[in-house]
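So you can see what is in the structure, the chains are spelled out below.
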Amino acid sequence: MKFVSHILSAALSIATIFSVLTWGFPSNTQIRIERTQTVLRERVSDQGSQTPQSPFDSSGNLLSGGHGEAILRLGTAAKPTVWTEFSRLSQQNEVVNLGQGFPDWLPPKFAVDSLVEAALDSASYPHQYTRTAGHPNLVQQLARRYRTHLGRDIDPMTEISVTVGASQALYLCLQTLVKPGDDVIVFEPFFDLYVNQIKLAGGNPVFVPLRFVPYNEDENVISGGEWVLEPHTLKQYISTKTRAIILNSPHNPTGKIFTRDEMEYIAEALELANPDCVVLSDEVYKYIVHSPPKERAAEESLFCRGHVHFASLPGMWDRTITISSAGKTFSATGWQIGWCIGPQRLMAPIHQLLPYVQFCASTVVQEALARALPRADEPYLGHESYYDYLRVKYTKKRDKLATALKAAGFAVPDYDRTPGGGFFIFARIGKEIRDQIPVSRISVKNDAAPGGVARQDWALCQWLAEERGLLCIPASPFFSLESSEAGKSDEFIRIAFCKTDETIEAAAEALSSLKIASVVPDQERNSR
Amino acid sequence: MNLRKAVVALSSRTTTRYSSRLFSSFLADRLHGLDRPTVWHEFSPLAAQHQAINLGQGFPDGDPPSFVQDAMHAAVFHKSANQYARSAAHMPLAQVLADEYNTKLKRTDIAAETHIATAVGCTHALYCALTGLIQAGDEVILLEPAFDIYSSQVQMAGGKAVYVPLRPSGKEGASQYFQLDLDEFERAITPRTKAFILNTPHNPTGKIFSQTELEGIAAVVQKHPRITILADEVYEHLVFDKAKEPHIPIASLLWDQTLTLSSAGKTFSCTGWKVGWAVGPPHLVQAVTAVQQWVTFSAPTPNQDAIAQALVQARQPYAGFASYYDYLADDYHQKQQLLVAALQSAGMTPIVPAGGFFIMADTSAIDFPFPTKETTPAMPATPMPRDWALSRWMTQTVGVTAIPPSAFYSPNNVPLAQNLLRFAYCKNAETLQEAQRRFAAYFQKQ
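What you see is a predicted model, and the numbers here were worked out from it, not measured in a lab.

Thresholds, definitions, all that
- Residues numbered from 1 in each chain as written.
- Chains lettered and ligands numbered in written order.
- Predicted model: local features only at pLDDT ≥ 70, side-chain atom pairs only at ≥ 80, totals over all residues.
- Heavy atoms only, no water.
- Pairing = 2+ DSSP bridges.
- Helix = DSSP H or I, 4+ residues; strand = E, 2+ residues; numbered from the N terminus.
- Axes fitted to C-alpha atoms, helices over the stretch in contact; angles between N-to-C directions.
- Contact = heavy atoms within 4.5 Å.
- Salt bridge = Lys/Arg side-chain N within 4 Å of Asp/Glu carboxyl O.
- Buried < 20%, exposed > 50% of the residue type's maximum accessible area, 1.4 Å probe, protein only.
- Phe/Tyr/Trp six-rings, centres within 6.5 Å; stacked < 30°, edge-to-face > 60°.
- Domains from an automatic or database assignment.
- Buried area = accessible area lost by both parts, 1.4 Å probe.
- Polar contact = N/O pair within 3.5 Å; in protein donor to acceptor, adjacent residues only side chain to side chain.
- Nonpolar A, V, L, I, M, F, W, Y, C, P; charged D, E, K, R; others polar.

Participant: Where do I start with the sheet that holds strand E4 (residues 160-165) of chain B in this structure?
Facilitator: Strand pairing in a sheet is mediated by backbone hydrogen bonds. Such pairs are either parallel or antiparallel. Residue and element names in this part refer to chain B. One open sheet accounts for seven strands, arranged E2-E10-E9-E8-E7-E3-E4; its pairing is mixed. Lying at the two open borders of the sheet, with one neighbouring strand each, are strand E2 (116-119) and E4. Neighbour-to-neighbour, the strand axes of the sheet open up by a mean angle of 25 degrees, direction not taken into account. In this structure, strand E3 (residues 139-144) lies alongside E4, joined through six bridges in parallel fashion. Each bridged residue has a counterpart across the sheet, and for Glu-144 the counterpart in E4 is Pro-165. Along the sheet, helix H5 (residues 91-105) makes contact with E2, strand E9 (258-263) and strand E10 (276-279), crossing E2 at roughly 125 degrees.

Participant: What should I look at first to understand the pattern of salt bridges in this one?
Facilitator: Pairing between side chains of opposite charge can happen when their charged atoms approach one another. Per the stated rule, a full pass over the model turns up 38 salt bridges over all chains. A salt bridge links B:Lys223 to B:Glu186, with the shortest nitrogen-to-oxygen separation between them at 2.7 Å. Note that B:Lys223 is positioned in the loop between helix H11 (211-222) and strand E8 (228-232) and B:Glu186 in helix H10 (residues 182-187), a separation of 37 residues in sequence. Residue B:Lys223 is classed as partly exposed on the basis of its relative accessible area, which comes to 42%. A salt bridge links B:Lys244 to B:Asp241; its shortest N-O distance comes to 3.9 Å. Several salt bridges share partner residues, and in doing so they unite A:Glu117, A:Asp121, A:Glu367, A:Arg371 and A:Arg375 into one network.

Participant: What exactly am I supposed to notice about the packing of aromatic side chains here?
Facilitator: Any two aromatic rings considered together are summarised by their centre-to-centre distance and by the angle between their planes. The final tally for this structure, using the stated rule, is 58 aromatic pairs over all chains. Relative to A:Tyr386, the ring of A:Phe110 lies with its centre 5.3 Å away and its plane at 85 degrees, an arrangement referred to as edge-to-face. Placement of A:Phe110 in helix H5 (residues 109-120) and of A:Tyr386 in helix H13 (residues 386-408) is noted, with a sequence separation of 276 residues between them. The pair formed by A:Phe110 and A:Tyr386 is uniform in burial state, with each residue classed as buried. Residues B:Phe357 and B:Phe358 carry aromatic rings whose centres are separated by 5.0 Å and whose planes lie at 75 degrees to one another, so their mutual orientation is edge-to-face. Here B:Phe357 and B:Phe358 have matching classes, each one buried.

Participant: What exactly am I supposed to notice about the domain arrangement of chain A here?
Facilitator: Interface size is commonly expressed as the accessible area that is lost once the parts come together. Residue and element names in this part refer to chain A. Domain parsing of chain A yields domain 1 (73-101 + 423-513) and domain 2 (109-377). Placing a centre on the C-alpha atoms of domain 1 and another on those of domain 2 gives a separation of 26 Å. Contacts between domain 1 and domain 2 engage 24 residues on the former and 28 residues on the latter. When residues of domain 1 are sorted by the area they lose upon contact with domain 2, Arg-73, Arg-428 and Phe-478 head the list and together hold 29% of the total. At the boundary of domain 1 with domain 2, the tally comes to zero salt bridges. Taken together, the connections running from domain 1 to domain 2 amount to eight residue pairs in polar contact (both at pLDDT 80 or more). Ranked by residues supplied to the side of domain 1 that touches domain 2, first place goes to strand E12 (residues 424-429) with four residues. Across the side of domain 1 that touches domain 2, the residue classes break down as 13 nonpolar, four polar and seven charged.

Next up, the structure:
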């Protein structure tokens, strides 16, 4: 037994060195390997006289412990994340939750009715397997709509794939496009799912920073501003190794709308990339453009004001996969219906994979969406269409939240001058708020935070959740480790307004306690 | 029925001729062969074309029981049921599953938060499990005949499928007829073996692995701590003689190395709902949840919510039976008997299954024009295997469609399938009776 433990300890040291050199995530890989070794030690001791097995094979691959290639590629993403951590905080504290990106109301009645009807319509076999690439009724509806969005005929059978949410659409695109060693460009800040899916596909995420341009350039003033893509920046990072570019507009977390010009920079820059480079255009928030750009672009769709479909730009249909979903639009994130649209040569590999990944997405929910889509075009609650209603609803909520944030000392975008969409405000932490964050909370160790350290934005959010009854999401998980460690995300937090007015009002109250606190004289504050 | 035929016919059009150019991704090697049309792409349209009775693909032609549909109806009106579920599993469903499996496995430690994952059907649970467990070059043992999705998923995860055939013994009943040689199984294990997929009740044979067989398998696997058993038990409630041949979960014998997978689709006749799950020790469940978090994030919530309710209801008395599960097993048993009679009247010898909703029938007595020089995109080999040719002929000439089991064997073992056909009986009585009429019309004239 002693001999075995010596071998295991030696193996652990080798493994640690190996993992540090390979993956550069010493602490987490170490923890994982140590756990594995413990399991092995226990097993070997159970087997008594069995010949002890080395935990590594002759090529140095870790044998037992259950970690497949996918988990190894995910590395730190297989441990606690900002989502698990803030979910825990929301459960352990009484908070107004403006963290999660999903509504706290029911989908519109016509959508709920559609699901009920779909479930009851025996004649259309809603309860059994459907076509793997997408339920015929649904793909027909999607083809109809995208014909108008993209200004071209879309073949429902060969140019559309239905998936379990937009997340899976993106996952499958990356699985069919990316080879180990390929670069995939994401614009920073980014939805962290992108980076982890790129890793799962064996690719290298390449971060192209959006630049924050404050309205007031004075260093001593913390004002709102806009996030812009500068053409020279993109050209610095794009190369023949670039296999895909993930474009997300309206943008999570900033709410930015990529302008027609910025989309043209991307289209031009494709010349410098691999000839097979594909743009993956994630458009899940496209029906929530609460502040459209002043000028209507020629490519703007009649159906969604303020949104330009990248695939409709000249020459871009062939180089683009358009991804969207029902969840944000119909306030039904739990339905998990997404899709991707593109030329047959890009869709065909996804069609090949779908039968093996899950065979098909839920039939009854697809049928429900197929029924709901035409209904959404009809007048709704006094508006021209459900989409108009949705945009107006979100605009009001945005204003409610923005007012409360400003009053509390945050700087937010000025939506009269800056276009915006989606249902998040990316707020900048003002001086008074910054000064209230207990110093002991900043730069502390935290396994879930990027780099294992809670910087200002994370500390603020954790303090707000634990002491002020308000849950928001820190900005650092939306930035690369390098950028967050350089302080680029320190000043921002993400707050959702896809919540009922009551919830937003409760948030406003929690925020107002910050303003009160900031005018309390220093002596009193310190004596508490 | 016409819509159903149109649906599957249309699905065959998604296959393209682009094959080799398409896969320039890292999946290129892994997807080798996966761009070929499958047996389903061939036989569903063929059945539709000839208006044959389709006893091929395994989905019911009825609706879920009303208490299940009602559960979906109720779920839709809850706010939380329309938004993202907890990624690992929707808690109401996880709680019910934890209770169910503690009872089934006579344990008390299965906890909803740590021992349960839900996914988009059992197929997806298996996809996530393999993706989370397999390293490139790892081997996965499959028993043949094997559900065709297994080998594709293993390949996609970077693994290598190693086939161990169930061999015909000539004995009565599917469980005794299809035998696993434990020595052969043990010899298939190498230092690179990472998983073993055990499907019981078994598709396509209808075999239920016995206590003795499971003990033998467990004893072998226990010697190899690296191996995880992925136990696919989707037919667990379709068991026809609970006294003589009950379904036994192998997790009750080898908990630490088993991930038990199942789903709602077959049990509640709702294959289109796609609610599946994986249950086991936390370190194995994590393989599924870690992958799912970034692939889909979560399975659809209204469906999970409805199944949580359905699972509880199913334990109540139903249609004069002690539970819905008892009713279900009885219903399928009657359908099985209908089909057994029909097959016998056609001169075939059905190998009577102990569970599931497929029958393998011996077709050696059937005379038909063979060998054939024909090839199809899904079966390019020449000569075409006998069972494949027979199934095509039976569709076109007799008007009944079955699936040729060679689709479930690796190339080396295809000869084991030549005198067999797989028929599904998850169909209503009228469909089965019509099949009988067609068999009678053709074979009794001969």
